[in-house]
Amino acid sequence: MHAGVLWAAAVFAKKVSVITTNSHASLTGILGGRQVARDGNDRLESGRKLRILVVEDERIVARDLQIRLSGMGYEVTEIASSRAEALESVVRKRPTVVLMDIRLNGVPEGIEAARELKEDFNLPVIYLTGHSDSATLLEAAATEPFGYILKPFENRELVAAIETAVYKHRAETRLRELNNRLELAQQAGRVGVFDWNGETGEFHVTPELEKLHQAAAGSLRDLDDLWSRGADEDEQRAMQERFEEWVHSEREEASWEHRIPLDSGGPIWVQVRAKAYRDAHGRLQRIIGTEVDITGRKEMEETLLRKEKELEHSNADLQAYAYTIAHDLQEPVRTLICGVELIERGLAEKMRGADERLLFYVKSSAERLRNMIAGLLEYSRVGQEDEPAATADCNEVMFAVMQLLKALMEETGARIEVGVLPVVAMSDQRAAQLFQNLIGNALKFRRKEVEPRVTVSAERAGAWWRFVVADNGMGFDMAYSERIFGVFKRLQSREVEGTGIGLSVCRRIVERGGGTIYAESVVGEGSKFVFTLPAAESGR
């Protein structure tokens, strides 16, 4: 009898676990090292005994099972003898596992009951049988039971079947939950997954990937379908070249952006990330990857690029306009100043008191306007045209700047300390303009009671040089650390000469070179201007 049943069970051995007498060591291995006792120690499920429903139409066999299971520490919720009783008992008692006889009342009713318990209640079912034909066993296998016990059975077989079924059911339930979460995450993030087996040629994709491509289920049969469908010849060629270059390289991972033409709704963009798995000889065995919908990001990038170009054109127009206005204003301002000087010389003997003050204010205002126009022209010229590549030795530039500021240094008693400076990728003219403005600014905003001192230093920072120009002058409140770089922005009163445009020119020069500039200061103690300039190719 056992030989016939075992032969039939072997037909569906991949789907059904056939439990026979095993050693205690083998059983421990099946359960992942979990000890299974042979005595009556309790089996617990989250602090409770495992609850078992026995479905068996032979009362003697059912009662024997109940006694055995209770003695081994399990809780038998009920004994049912038919499909209807089994379904009703499950609703009322909520067992953990079901021991189901295949044949109930002379017919294989247990198979249908097992199918319903699995589909409606997700319960693990272990079949009990003493003999049956192969067709019945194959039908039973289709329900994918969690175990199969041959009658007569021993306690060890019962324990092994029950514990294995519960362990397997929990693992499958957990796996199903994880798969559901993964699928929801893919749907939420518009992420599709593909898997290509180089040895077998098998190709699998997730439903979300088919949805991204607006492809029918099963229509994406290989990587060519995935990346070339609907693309024009140039796109297909580019994709093929990119893919072949990666496959023949030694890189494991690759990433690129790919445009997918769609039948409706227009094309979309996806970010492809793929990983290649190779054998010890470097032969490609498998490729697994993802596609993420980045259409929104690409649209935003295109919008930003368009706005950036529009802004560049607008700034260029404004800059040209400012330059033109400033240039055209020079002539009437020069005429105004000359006229005031002529009046001053012609009426010098006749003017008294209020007239002299009025003429002085007019002349001062005209000269300040001339200086502001000159500053605006200077600001407009910086970056008005792309300058040819050039290098500046900052040591030589500083020597020239100190010669220009010599009179002011002697007047103020200033001391300027300069360290060893590098060669930078910038024209001599712009570098001199930068240092002259910063040092002149330090001497201009000095403290009256303190001898002015300015230090200039530089240190290497990768492909850049980091400069520091520090002084012991008036300083300023750090709340205005950005405002001082604005055009015509001044923190001090007009008692200190200047147009309020020098630092704006400095920032424009530095940023045109790709660097950054910022200021640090303490009121009454001094200021420090830190900026970066690109190193010359020579690396000096």
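Thresholds applied
Residues numbered from 1 in each chain as written. Predicted model: local features only at pLDDT ≥ 70, side-chain atom pairs only at ≥ 80, totals over all residues. Heavy atoms only, no water. Axes fitted to C-alpha atoms, helices over the stretch in contact; angles between N-to-C directions. Helix = DSSP H or I, 4+ residues; strand = E, 2+ residues; numbered from the N terminus. Left-handed = near helix turned anticlockwise from the far one by under 90°. Contact = heavy atoms within 4.5 Å. Buried < 20%, exposed > 50% of the residue type's maximum accessible area, 1.4 Å probe, protein only. Arc of directions from axis to C-beta. Salt bridge = Lys/Arg side-chain N within 4 Å of Asp/Glu carboxyl O. 1 Å grid on protein atoms, 1.4 Å probe; cavity = no way out; pocket = protein on both sides within 12 Å on 5 of 7 lines; lining within 4 Å. Points joined across faces, edges and corners; volume = space filled by probe spheres on them. Core = buried A, V, L, I, M, F, W, Y, C linked by side-chain atoms within 4.5 Å. Pairing = 2+ DSSP bridges.

Chemist: Tell me about the packing of helix 15 (residues 428-444) against helix 16 (residues 502-512), and please be specific about residues and values.
Modeler: With their axes 9 Å apart at the nearest point, helix 15 and helix 16 run at an angle of 145° to one another. When the axes of helix 15 and helix 16 are compared, the crossing they make is left-handed. Counting all contacts with helix 15, which are made through Arg430, Gln433, Leu434, Asn437, Leu438 and Asn441, the residues of helix 16 involved are Gly502, Leu503, Val505, Cys506, Ile509 and Val510.

Chemist: How would you sum up helix 6 (residues 134-141)? Please name residues and give values.
Modeler: Among the residues of helix 6, Thr136, Leu137, Ala140 and Ala141 are the ones counted as buried. Seen end-on, helix 6 carries its buried residues on one side only, within an arc spanning 140°.

Chemist: Pulling in residues and values, what's your account of the pattern of salt bridges?
Modeler: One pass over the structure, following the stated rule, counts 22 salt bridges. Of the charged contacts, one joins Arg92 and Glu88 as a salt bridge, the two residues approaching to 2.9 Å between their closest N and O atoms. With a gap of four residues between them, Arg92 and Glu88 both fall in helix 4 (residues 83-93), about one helical turn apart. Since its relative accessible area comes to 43%, Arg92 is described here as partly exposed. Glu88 gets classed as partly exposed once you look at its relative accessible area, which sits at 45%. Note that Arg221 is salt-bridged to Asp225, the shortest N-O span being 3.6 Å.

Chemist: Run through empty space enclosed by the protein, naming residues and quoting values.
Modeler: Under the defined criterion, the tally for this structure stands at two cavities of 30 Å³ or more. As a volume, the largest cavity reaches approximately 50 Å³.

Chemist: Any chance you could break down the nonpolar core for me, citing the residues and the numbers?
Modeler: Soluble globular proteins: nonpolar side chains tend toward being buried together. Counting 39 residues, the largest nonpolar core has Phe435, Ile439, Phe467 and Phe531 as the members making the most contacts within it. Sorting the residues of this core by element identifies helix 13 (394-404), helix 15, strand 17 (453-461), strand 18 (464-471), helix 16, strand 19 (517-522) and strand 20 (526-534) as the ones contributing at least two each. When residues in this core are grouped by element, the largest group, eight residues, is from helix 15. Phe531 has contacts with Leu434, Phe435, Leu438, Trp465, Arg466, Phe467, Val469, Val510, Thr516 and Ile517, leaving out every residue within four places of it along the chain.

Chemist: Give a detailed account of the sheet that holds strand 11 (residues 253-260), specifying residues and quantitative values.
Modeler: Judged by pairing direction, the sheet is antiparallel, and its five strands sit side by side in the order 10-9-13-12-11 without closing on themselves. At either margin of the open sheet sits one strand with a lone partner, and together these are strand 10 (203-205) and strand 11. The sheet shows a mean angle of 20° between the axes of neighbouring strands, taken without regard to direction.

Chemist: Report on the pairing of strand 13 (residues 284-293), specifying residues and quantitative values.
Modeler: Bridge count for strand 9 (residues 191-197) against strand 13 is seven bridges, and the pairing is antiparallel. Directly across from Val191, in strand 13, lies its bridge partner Val292. In terms of strand pairing, strand 12 (residues 268-278) meets strand 13 through nine bridges, oriented antiparallel. The residue bridging Lys275 from the neighbouring strand is Ile288, located in strand 13. In textbook terms, the turn of a hairpin is the stretch between consecutive antiparallel strands, and for strand 12 and strand 13 this stretch comprises five residues, one of which, Gly282, has a positive phi near 85°.

Bear in mind that shape data such as this cannot, by itself, settle questions of function.
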